[in-house]
Amino acid sequence: MKSSMASEKILWIFAFSAVIVHLHLCKVPSVLAGDIVHDDSTPKKPGCENQFVLVKVQTWVNGVEDAEFVGVGARFGRTIVSKEKNARHTRLILSDPRDCCSPPKNKIVGDVIMVDRGNCTFTKKANSAQNANASAILIINNQKELYKMVCDPDETDLNIHIPAVMLPQDAGTRLETMLMSTSSVSVQLYSPRRPAVDVAEVFLWLMAVLTILCASYWSAWRAREAAVEQDKLLKDASDDIPNIKDEGVSGIVNMNAKAAVLFVLVASCFLFMLYKLMSSWFIELLVVLFCIGGIEGLQTCLVAVLSRWFKNASESYIKLPFIGAVSYLTLAVTPFCITFAVFWAVYRDKSFAWIGQDILGIALIITVLQIVHVPNLKVGTVLLSCSLLYDLFWVFVSKRFFNESVMIVVARGDRSGEDGIPMLLKFPRLYDPWGGYSIIGFGDILLPGMLVAFSLRYDWLAKKSLVSGYFLWAMFAYGFGLLITYVALNLMDGHGQPALLYIVPFTLGTILALGRKRGELKILWTNGEPERFCPHVRLQHSEESSPE
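The structure contained in this document is the topic of the report that follows. What you are looking at is a predicted structure, and each value in this text was computed from that prediction instead of being measured. (Residues numbered from 1 in each chain as written. Predicted model: local features only at pLDDT ≥ 70, side-chain atom pairs only at ≥ 80, totals over all residues. Heavy atoms only, no water.)

Attention now goes to the overall build of the protein. For the protein, the count of helices and strands is 17 helices and 16 strands. Taken across its 548 residues, the protein has 51% of its residues classed as buried. Contacts spanning at least 24 positions in sequence make up 75% of the contacts within the protein whose residues lie at least 6 apart. (Helix = DSSP H or I, 4+ residues; strand = E, 2+ residues; numbered from the N terminus. Buried < 20%, exposed > 50% of the residue type's maximum accessible area, 1.4 Å probe, protein only. Contact = heavy atoms within 4.5 Å.)

See the structure below:
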């Protein structure tokens, strides 16, 4: 019964992990503005060559500080000051006409003018506002997103010297309500710079590396224990050798090449389903699934750790109806795991909820990595290669078919009204004036982690030292690949980056190159473990050669 339960648990965790979308790395801002739509294909030219920047629009109503909104600066116009102390408080007025496609009828004396999007180009609106003596122009989008304001390719009149900022539709509605109901509304425009390196990226890098490190050692320790036990059985039970060989490690699922390809196909189908069905109710369903997987993972990890101190409780079982044999330790730990997951689900919108999400996520990843094994380098190569193609297609190529990056839309939860799906690790950007989180998807840890864990299992079975083995170099390669991802993320101005694009070549390439150099590539590729000496065979040869 216990074996049956273990098999069901393994299959559940594997099935859950198979539908986990391995998301790109990105920065998720937590601001009132909508999401910036990266539609900036128009080339830069004189008078229209500003960098796109987020802009804070702080408001005051009748001299009292009120709401803060976030917009995006245009490609044209004067650059916006970066320090709050250098930004002036300026009166805000509504344009008449509202679209500002013709000269405003308002009397404007250095005021900030708010206009609606539409009916003419952005630059024409800015020119009309500038000619009317406005000090800046706020253009309200007709959607919740923020489009980057560029110049038309054939425009020549680009002598614009006032800042131009686009705000989302909901911000415009609130500002209009303020203007209609009060006598005085003033705004302050400034664009604080992000730090070059945020502590969130450092901690996220450490979390990913340490998760793989812990999972690899747990996996290798179990594999070595099984190997020692098998050697003992080979010495004592010659008749059971065929059965012993087939048993392997209890409770382990060895992936094959077909399963690796199927994993990616299922993940693709699941991602597309998320993209099409993304809504608040669907996010709630994913939260429930995540909690179930997190409970399983946390329970497995806690039982493994506590069994060292409570050995009797971990080896004593009670038979429960519909469940089967369960250890007393598991029975004691499970209520805590359920309570923890439910507490996170209830308070997941709070500022501290990322801690519970990361604990549940790390526990699930570690559990999957010590249960689902890559048996050899061939399967690892198929899995990571297919996963890399998956990432490239859904981040970049999908734009051609859906006019937007499917992966990025799903990661941000654009259509759900929430902060995105929970299958990721996140850390708050503590020193970023824009707030938000840095995130990494489970798959960017789980998939390379399978290969890294395989390398440590091989090293321990082959009795290799840390330097002469593969694990140390595989860990270095993973850490370096993840580091390069963060560098690329910052160089690409915060655009989402598929981490596997950098991690897979470094990790897989390192093991392949070392294996070939050491003449062990064939063993790594096919067997996945060193040839082991069988004492029973030596005993048989010894008996046959001895004189009667």
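Here the structure, examined in full by the defined rule, presents seven salt bridges. The partner of glutamate 176 in a salt bridge is arginine 98, and the shortest N-O contact between them spans 3.2 Å. Here the residue glutamate 176 occupies a position in helix H3 (residues 169-181), and arginine 98 occupies one in the loop between strand E5 (90-94) and strand E6 (112-116), the gap between them amounting to 78 residues. Judged by its relative accessible area of 28%, arginine 98 falls in the partly exposed class. One salt bridge in this structure joins arginine 429 and aspartate 432, with 3.0 Å as the shortest N-O distance. Each of the two residues, arginine 429 as well as aspartate 432, counts as buried. Several salt bridges converge on common partners, so that one network encompasses Arg98, Asp116 and Glu176. (Salt bridge = Lys/Arg side-chain N within 4 Å of Asp/Glu carboxyl O.)

With that settled, consider the state of the cysteines. Evaluation of the coordinates by the stated rule reveals two disulfides. Two residues share a disulfide in this structure: cysteine 48 and cysteine 151, whose sulfurs sit 2.0 Å from each other. Its torsion about the S-S bond being 105 degrees, the disulfide of cysteine 48 and cysteine 151 is classed as right-handed. Of this pair, cysteine 48 sits in the loop between strand E2 (36-37) and strand E3 (54-61) while cysteine 151 sits in the loop between strand E8 (146-147) and strand E9 (164-167), and the two are 103 residues apart along the sequence. For cysteine 48, a relative accessible area of 2% gives the class buried. (Disulfide = S-S within 2.5 Å.)

Membership of the largest hydrophobic core comes to 93 residues, with the highest contact counts inside it found for Met450 and Tyr478. Of the residues forming this core, the biggest block, eleven residues, is contributed by helix H10 (residues 353-371). Setting aside anything within four residues of it in sequence, one finds tyrosine 478 in contact with Ala208, Val209, Ile212, Ile440, Asp444, Ile445, Pro448, Ile503 and Thr507. Listed in part, the 26 residues of the second largest apolar core include Ile137, Ile139, Leu158 and Met166. (Core = buried A, V, L, I, M, F, W, Y, C linked by side-chain atoms within 4.5 Å.)

A separate point is the packing of helix H9 (residues 328-346) against H10. In contact at an axis separation of 9 Å, H9 and H10 are set at 135 degrees when each is read in the N-to-C sense. Relative to H10, the element H9 lies oblique. When the axes of H9 and H10 are compared, the crossing they make is left-handed. For the pair H9 and H10, the contacting residues are Phe340, Ala341 and Trp344 in the first and Ala353, Gly356, Gln357, Ile359 and Leu360 in the second. (Axes fitted to C-alpha atoms, helices over the stretch in contact; angles between N-to-C directions. Parallel < 35°, antiparallel > 145°, perpendicular 65-115°, else oblique. Left-handed = near helix turned anticlockwise from the far one by under 90°.)

Under the criterion given, the structure shown has 17 aromatic pairs. Ring geometry for phenylalanine 272 versus phenylalanine 402: centroids 5.8 Å apart, planes at 50 degrees, classification tilted. Of this pair, phenylalanine 272 sits in helix H6 (residues 257-277) while phenylalanine 402 sits in helix H11 (residues 377-402), and the two are 130 residues apart along the sequence. Judged by its relative accessible area of 22%, phenylalanine 402 falls in the partly exposed class. One aromatic cluster in this structure is built from Phe272, Tyr275, Phe393, Trp394, Phe401 and Phe402. Across the ring face of tryptophan 221, the terminal group of arginine 308 is positioned such that the distance to the ring centre comes to 5.7 Å. The side chain of lysine 426 reaches across the aromatic face of tyrosine 437, ending 4.3 Å from its centre. (Phe/Tyr/Trp six-rings, centres within 6.5 Å; stacked < 30°, edge-to-face > 60°. Lys NZ or Arg CZ within 6 Å of the ring centre and 35° of its normal.)

Where burial is concerned, most of strand E7 (residues 136-140) is hidden: five out of the five residues are buried. The alternating pattern of E7 places Ala136, Leu138 and Ile140 on one face and Ile137 and Ile139 on the opposite face, and all of these are buried. In the sheet, E6 pairs with E7 via five bridges, with the strands oriented parallel. Counterpart to valine 112 in the pairing with E7 is alanine 136. Once you follow E6 into helix H2 (residues 122-131) and on to E7, the crossover reads as right-handed. Inspection of the sheet shows E7 paired to E9 by four bridges, in the parallel sense. Across the sheet, leucine 138 pairs through a bridge with valine 165, a residue of E9. (Pairing = 2+ DSSP bridges. Right-handed = clockwise from strand over helix to strand, strands pointing away.)

The element H2 is extensively covered by neighbouring structure, given that eight of its ten residues are classed as buried. Among the residues making up H2, those that are buried are Phe122, Thr123, Lys125, Ala126, Asn127, Ser128, Ala129 and Gln130. In this structure, the buried residues of H2 make contact with E6, E7 and E9. Looking at the residues trailing H2, positive phi occurs at asparagine 133, about 75 degrees.

With respect to topology, seven strands assemble into a closed barrel ordered E3-E4-E9-E7-E6-E5-E10, the strand pairing being mixed. Averaged over all pairs of adjacent strands, the angle between strand axes in this sheet comes to 40 degrees, irrespective of strand direction. Across six bridges, the pairing between E3 and strand E10 (residues 185-190) is antiparallel. The partner of valine 57 across the bridge, within E10, is leucine 189. Where H3 meets the sheet, it contacts E3, strand E4 (64-73), E5, E6, E7, E9 and E10, and its direction lies at approximately 145 degrees from that of E4.

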